[in-house]
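Spelled out from the first residue to the last, the chains are:
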Amino acid sequence: MTLRLSHNAPHYRLESKQEFMMAADSDPESEVFEITDFTTASEWERFVSRVEEVLNDWKLIGSSAGKSSPEKGEYTSGIWEEKSKDINFADFKFSITHHYLKQESDEGDGKEEPEEDAFPLAMQDLLCMNNDFPPRAHCLVRWYGMREFLVISPGANCEAIISESKCNLLLSSISISLANSGCQVPMFVQIQQKWRRMYAGECQGPGVRTDFEMVHLRKVPSQYNHLSGLLDIFKSKIGCSLTPLPPINIAIRFTYVLQDWQQYSWPQQPPDFDALLGGEVGGVEFGKLPFGACEDPISELHLATTWPHLTEGIVVDNDVYSDLDPLQAPHWSVRVRKAENPQCLLGDFLTEFFKLCCRKESTEEILGRGLAEEEGKENSDISAALSKLTEPAAVPIPKLSVSNMVHSARKRIRRHRRIDESPLSNEMLNSILLYLFPDAAVEKSSENSDSKTAQTNTNGKNEQDKDTDYNLFSHLKSAPSDSLSYRLALCVCLVNFYHGGVRAVAHLWQEFVLEMRYRWENNYLIYGLASGPPDLRCCLLHQKLQMLNCCIERKRARDEARKTTDGGKERERKVSGGCQNGRFGPESVPPATTASDSAREVGKSWESWSDSEDEFFECLSDQEEMEFPPTAGEKGGAKDVSKAKPEGRLHPHGNMTLINSGEPLYIPVTQEPAPMTEDLLEEQSEVLAKLGTSAEGAHLRARMQSACLLSDMESFKAANPGCVLEDFVRWYSPRDYVEEEVVDDKGNTVVKGELSARMKIPGNMWVEAWETARATPARRQRRLFDDTKEAEKVLHYLAVQKPADLTSHLLPCILHAAILKLKEEESVEDIPSVKKAIQQATSHASKVLHHPSPDYKKLEDVLNQLIAVETVIARARSLKAKFGIGKGEKGEDAEELEKFVSSLLEEPEVAVTGAGRGPAGSIIHRLFVSAQRLADFTSDEQGILVDVEAALLAPLDDDLGRVGGAEDRKPMGGGINVPDFPPPAGREILLRTCVPRPAPYSKALPQRLFCVLMRDEFRLAGAFSSDTSFF
């Protein structure tokens, strides 16, 4: 009685089970055995059930009719979404995917009840003409015009479904799933190899069914190579016996490919190799990044000529004659094929520069200096310079100065490196250094040079602060675009690309560090750095250079103040005696005078006060001996202190007087706080944090932070002999001195003050510092900012930087320069999408670069974004050159062409206004004619190249400057037997009708056949509907 399920008879499964259960009731002995066999579902049944579950989960059950027809172009402009799930057939993996067009009217459609006998949505879409030949959509959307469908395809690592039996098994599975679930969404199965894009499927509705079939061949059969043969296939397939046959709607599209753009169509100018590699490298040329593609970023132009509404009797297309002339097509549309990853100059510069960040070699290893022992000795001379200065020694200080050691090391370096081994020639190196330090280009007085430098830096900065592009450095943590660090980054980038790679970079960096030391030793300000403390918005390297400049400024101010206190005879002797500060001579002195004068006007500049008897930056013992006498006097009693001579007064503090003596209270000259770079601030924070939260740690932390407070107290005591802590607090922290009105013994109201509660806490840091402080003016104190020590720290930091470290420091500046270059180039082209892309890249770079240790992978993503922007701009210029834009033409045609070219960059396919007769169509026609002439001449073996150029260039030069019209096209067809257009690269023919099938009395149902004819491909995609009720 049992009947096993056959693939060809799936509907009998339920009846067989019922019969089996009846038999099981009459035969108890066989009950267990029979139940085990027939209640266990087969793998095929599990697969069908799983498909049905997915359809239920995605709510694809029931009628899909009732939605409005898609609007024209909606398949291209709309949003397509998809969702997938994995299902198994035994151990074979499949993926089922739901593709659908998201429509705004989806939410409201559920409220309207569709008609009971309405066709499924997919059948309605078969006849819709609003979205024929969509430029960007799934292949099934293009072939069948559907807005929603399901696809079952083999898994990623599974073999293709090739055998006919397996294909039929899958088709029967989806047929059962659609019937059981009532789903009206068409379902396809991908068969054969994936590259063939072969699908078979089915769609079911109330009393109707549509079968989707496909044919795919490598060659086009000769009898089907035209419209008439394809019409014969379509008619035979639908098998309609009605006479006359209902009209067949025809839509045709021919696609022509233009690959040869001619020599005039690429606008990229070649680089000036003489300027880059040869003689003069001026600041203007050296400060520019290259831009543009090295190859044409537009590889092909595809012209699609379309006849959207034809009928069988209107057009003739057979093996003898064809009416399908592309110039007569009512619709033209164009798309461009872009070259994949074209080589671009700016992108190459950025990529090569970024590669340096991954190098591990040091400068010494890269340059490969001679003898290892001498090299070690040289390094020890430089590295031990600072320690030898601080260690006690019997020899005089000048013999152990850093200057002598570094200069001796420099001589050895240059002696051991031969001229032919230097990566950079002397001429190139001098050009670079003159670009970096233009203040050394012309020999004139240092006063004029420095004052001009300072004025340029300050005034230029104030003017450019209003410019967002200039302030971009703060977002990217780079450096101002007129700074030394910025120019150094450009030089390193260019030297790396053109003049020897990492070896040239190491050579340039070594020379740069030596120049920095030379300027420090000779009190020569560094050009291109804004005055003031390090700007923490900039990169660390820029902060270090600013710190070195601060040291030079302090040193110059101190030296100048000391010289001004000397007698006139000594000054005359120094001037007449020649140079004592290096080869720049005494001319380097006057600028410091103007700098200190301006600082003195501001207020508390202690460099303007100096002692001519000693230099505290190199010898502290003399200072201590000199400071003991006032300390002893202070201990002698208040009477002696009050008679001490005041020193270091700036000006009186209003009408305020000292509490004890009634003398006017003077504001003292104090030391300026020490400037710090971000790494020093971080180091200081770490040290303070390590002290912990204990009372002892907090006390030690307070003492470390009170160095500036102690210095100010000592200056205050020196300026106000006989003062007390209350006097200092009244000036330094008025909130900590509380005053109140009280009535004295005589009945008068007087103001009485006292320290605040926190100042009276036992062990208060202010009280301890006041007791420790000696009456010492700022000029005699130990400096809070030791410019000598800090300068040597900076120079050592610069000297030990590897090329990879240098490029990491300068990478923000290079990204900054690249973004400015892209903005400059985009402003010429005015492309909205590029503006947005630059803003996104800038925002991304800002987030990455502000991280303490940027992720190289994220930095690489930023570089790729910038390279993509450069590519888009290069494509825009290529298209504008090809369509003759930018030659000075004005008018409606020029505006239309600009809009057309802009649309080509933004959209996948652009309609040509006026088809072949419009401005853009005329230019496209000429481009094809030119390519055809070239192909015809080059195919002639006896042709001479000169004749080819003469034949091509003579008519083209006259035509290119004009937008074109009917007269311009007349000479185009002058070539004998040379057609204006090549054979179409692809032909697409769409046939549609609505006929009763399979019988004459069946419902009239939509039928569709999409034909693709190419050189190496022939495809027929048919959708044939049939009536399942009346057949």
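These figures come from a predicted structure and were not determined experimentally.

Moving on to the overall build of the protein chain. When you go through the protein chain residue by residue, the secondary structure sums to 39 helices and 17 strands. Relative to its full complement of 1031 residues, the protein chain shows a buried share of 47%. Excluding contacts between residues fewer than 6 apart, the proportion of contacts in the protein chain whose partners are at least 24 apart in sequence is 75%.

Another point: the pairing of strand 11 (residues 664-668). Here strand 11 lies mainly inside the structure; four of its five residues are buried. Pairing of strand 10 (residues 649-657) with strand 11 involves four bridges; the strand directions are antiparallel. Bridge pairing in strand 11 links Thr657 to Pro664. Here strand 10 folds back onto strand 11 in antiparallel fashion, the turn holding six residues, of which Gly662 has a positive phi close to 80°.

This brings us to the packing of aromatic side chains. As enumerated under the stated definition, the model contains 29 aromatic pairs in all. With a centroid separation of 5.7 Å and an interplanar angle of 70°, the aromatic rings of Tyr732 and Trp766 are classed as edge-to-face. Remark: Trp766 occurs in helix 31 (residues 765-772) and Tyr732 occurs in helix 30 (residues 725-732); sequence separation between them is 34 residues. The partly exposed category is assigned to Tyr732, whose relative accessible area is 31%. Taken together, the ring pairs in this structure connect Phe716, Phe728, Trp731, Tyr732, Trp766 and Trp770 into an aromatic cluster. Directly above the ring of Tyr797 sits Lys544, whose terminal nitrogen or CZ lies 4.6 Å from the centroid.

Before going further, it helps to examine the pattern of salt bridges. Pairs can form between side chains of opposite charge whenever their charged atoms are close. Applying the stated rule across the entire model yields 31 salt bridges. A salt bridge links Arg335 to Glu909, with the nearest nitrogen and oxygen atoms 3.8 Å apart. Taken as a pair, Arg335 in strand 9 (residues 331-338) and Glu909 in the loop between helix 36 (892-906) and strand 14 (910-912) lie far apart in primary sequence, 574 residues in all. A salt bridge links Lys835 to Asp830, with the nearest nitrogen and oxygen atoms 3.4 Å apart.

A surface patch of negative charge is lined by Glu892, Asp893, Glu895 and Glu898. Structurally, the position occupied by Glu898 is in helix 36.

Next up on the list: the nonpolar core. The biggest cluster of nonpolar side chains holds 137 residues, and the ones touching the most others in it are Met516, Phe883, Phe900, Ile924 and Leu991. Ranked by the residues each element gives to this core, the list is headed by helix 33 (residues 803-829), at eleven residues. Beyond its immediate chain neighbours, meaning those up to four positions away, Leu991 contacts Leu227, Leu230, Leu231, Phe234, Ile248, Asn249, Ile250, Gln1007, Arg1008 and Leu1009. Judged by nonpolar contacts, the second largest core, of 53 residues, contains Leu126, Tyr144, Ile176 and Phe212.

As a further point, take unusual backbone geometry. In this structure, Pro998 follows Arg997 across a cis peptide bond, with omega equal to 10°. Topologically, Pro998 is positioned in the loop between strand 15 (986-996) and strand 16 (1004-1014). Backbone geometry places Lys477, a non-glycine residue, at a positive phi of 55°. Residue position: Lys477 is located in the loop between helix 19 (472-476) and helix 20 (484-498). A positive phi angle, near 55°, is found at Asn523, a position not held by glycine. Structurally, the position occupied by Asn523 is in the loop between helix 21 (501-521) and helix 22 (540-565). By relative accessible area, which is 5% here, Asn523 ends up buried.

What follows concerns the packing of helix 33 against helix 34 (residues 832-849). Two numbers describe a pair of packed helices, the interaxial angle and the distance between the axes. In contact at an axis separation of 11 Å, helix 33 and helix 34 are set at 170° when each is read in the N-to-C sense. Of the possible angle classes, the one that applies to helix 33 and helix 34 is roughly antiparallel. Counted together, Pro812, Leu815, Ile819, Leu822, Lys823 and Glu826 of helix 33 and Val834, Lys835, Ile838, Thr842 and Leu849 of helix 34 form the full contact between these two elements. The residue inventory of the contact of helix 33 with helix 34, partitioned by class, reads seven nonpolar, one polar and three charged.

Criteria and thresholds
Here, residues in each chain are numbered from 1, in the same order as that chain's written sequence. Two thresholds apply to this predicted model, a pLDDT of at least 70 for residue-level local features and 80 or more for giving and counting side-chain atom pairs, whereas whole-chain, interface and lining totals are computed over all residues. Neither water nor hydrogens contribute to the side-chain values; these are computed over all heavy atoms in the structure. Helix and strand definitions here come from DSSP, where helices need a minimum of 4 consecutive H or I residues and strands a minimum of 2 consecutive E residues; each element is numbered from the N-terminal end. Buried means the residue's accessible area, taken with a 1.4 Å probe over protein chains only, is under 20% of the maximum for its type, while exposed means over 50%, and partly exposed covers the values in between. Contact definition: two residues touch when any of their heavy atoms are within 4.5 Å. When DSSP finds two or more bridges between a pair of strands, those strands are recorded as paired. Pairing of aromatic side chains here covers Phe, Tyr and the six-membered ring of Trp, requires ring centres within 6.5 Å, and sorts the geometry by plane angle: under 30 degrees stacked, over 60 edge-to-face, intermediate tilted. A positively charged side chain is recorded as over a ring if its NZ (Lys) or CZ (Arg) lies within 6 Å of the ring centre. The angle to the ring normal must also be within 35 degrees. Salt bridges, as used here, are contacts in which a Lys or Arg side-chain nitrogen is within 4 Å of a carboxyl oxygen on Asp or Glu. Patch membership requires more than 30% relative accessible area and the absence of a salt bridge. Residues of like charge join within 9 Å; the nonpolar side chains Val, Leu, Ile, Met, Phe, Trp and Tyr join within 5 Å. Per-residue and other accessible areas follow the Shrake-Rupley method at a 1.4 Å probe size, with only the shown protein chains counted as cover for residues. Residues scored as charged are limited to Lys and Arg (positive) and Asp and Glu (negative), so that His and the chain ends carry no count. Each charge is placed at NZ for Lys, CZ for Arg, CG for Asp and CD for Glu. In plain words, nonpolar cores are sets of buried Ala, Val, Leu, Ile, Met, Phe, Trp, Tyr and Cys residues tied together by side-chain atoms within 4.5 Å. To define axes, lines are fitted to C-alpha atoms, for helices over the stretch in contact only, and angles between the resulting N-to-C directions are given on a 0 to 180 degree scale. Here the angle decides the label: under 35 degrees means roughly parallel, over 145 means roughly antiparallel, 65 to 115 means roughly perpendicular, and every other value means oblique. Asp, Glu, Lys and Arg are counted as charged, while Ala, Val, Leu, Ile, Met, Phe, Trp, Tyr, Cys and Pro are counted as nonpolar; the rest, among them Gly, fall into the polar class.

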